[in-house]
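This is what each chain is made of:
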Amino acid sequence: MTLRLEDIELIRRVKYRYWRAIDMGHIEEVRDLLTEDVRVDFVGGTYRWKMEGRETFLAALAQSFNSQAISVHTGHHPEIDVLTETTATGTWYLTDTFILLTENIVTEGSALYRDEYVKVDGAWRISVSTYERLYERVERLGEKPNITAHYLGKPRGVA
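Caption draft 1: Geometry of the overall build of the protein chain. In terms of helices and strands, the protein chain carries three helices and six strands. Going residue by residue from the N terminus, the α and β elements of the protein chain occur as α-α-β-β-α-β-β-β-β. Since a compact globule built from 159 residues should have a radius of gyration of about 15 Å, the 16 Å found for the protein chain is in line with a globular shape. In terms of its C-alpha atoms, the protein chain occupies a principal-axis envelope of roughly 55 × 35 × 25 Å. Per-residue burial for the protein chain yields a buried fraction of 42% across its 159 residues. Within the protein chain, residue pairs in contact and separated by at least 24 positions form 59% of the contacts whose partners lie at least 6 positions apart. Counting only carbon and sulfur atoms, one obtains 51% of the accessible surface of the protein chain, whose full area is about 9200 Å². Averaging the positions of the 20 positive and the 25 negative side-chain charges in the protein chain gives two centres separated by 3 Å.

Right, here's the structure in full:
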């Protein structure tokens, strides 16, 4: 078995950029990481996000990752298989925390992502992204959390 290490590293960078960009609310950066016809299906204990199309998905991300949300997504243990010159699959372990400040709700857990990638104009992009939670914990906080730093909550233009 020959591993295509350069393609594997480029795909890893796509997924890492994806998680960083959503946590920072850089939705336009996510655009460059997806195919136009991207399909997503994220299944949690309390939700299911199932949609098709880059614009639909970007709008949903923009609505969720804003000044009233704090999120941290970390991906681990990628298992990437490059199938052809232009197609690949990947399985990733996710650990995440999402705090919805308007509701004082914290969701944390882990999931297994199963993605498909295509190379378009020389760049790898996510064409299918799915996950199912391995576990999810949702807790309503009794009082507002003492947040001392909040990237999405700071005024725009502040360094």
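Caption draft 2: Geometry of helix α3 (residues 54-64). Taken as a whole, α3 has its buried residues at Arg 54, Phe 57, Leu 58, Ala 60 and Leu 61. The arc that holds every buried residue of α3, seen down its axis, measures 160°, which confines them to one face. Against the buried residues of α3 lie α1 (5-23), α2 (27-31), β1 (34-43) and β2 (48-52).

Calculation criteria
- Residues numbered from 1 in each chain as written.
- Predicted model: local features only at pLDDT ≥ 70, side-chain atom pairs only at ≥ 80, totals over all residues.
- Heavy atoms only, no water.
- Helix = DSSP H or I, 4+ residues; strand = E, 2+ residues; numbered from the N terminus.
- Rg over C-alpha atoms; globule rule 2.2 N^0.38 Å.
- Buried < 20%, exposed > 50% of the residue type's maximum accessible area, 1.4 Å probe, protein only.
- Contact = heavy atoms within 4.5 Å.
- Areas by Shrake-Rupley, 256 points an atom, 1.4 Å probe, with all protein chains shown as cover.
- Lys, Arg positive; Asp, Glu negative; His and termini not counted.
- Charge placed at Lys NZ, Arg CZ, Asp CG, Glu CD.
- Arc of directions from axis to C-beta.

Read these as spatial facts, not as claims about activity.
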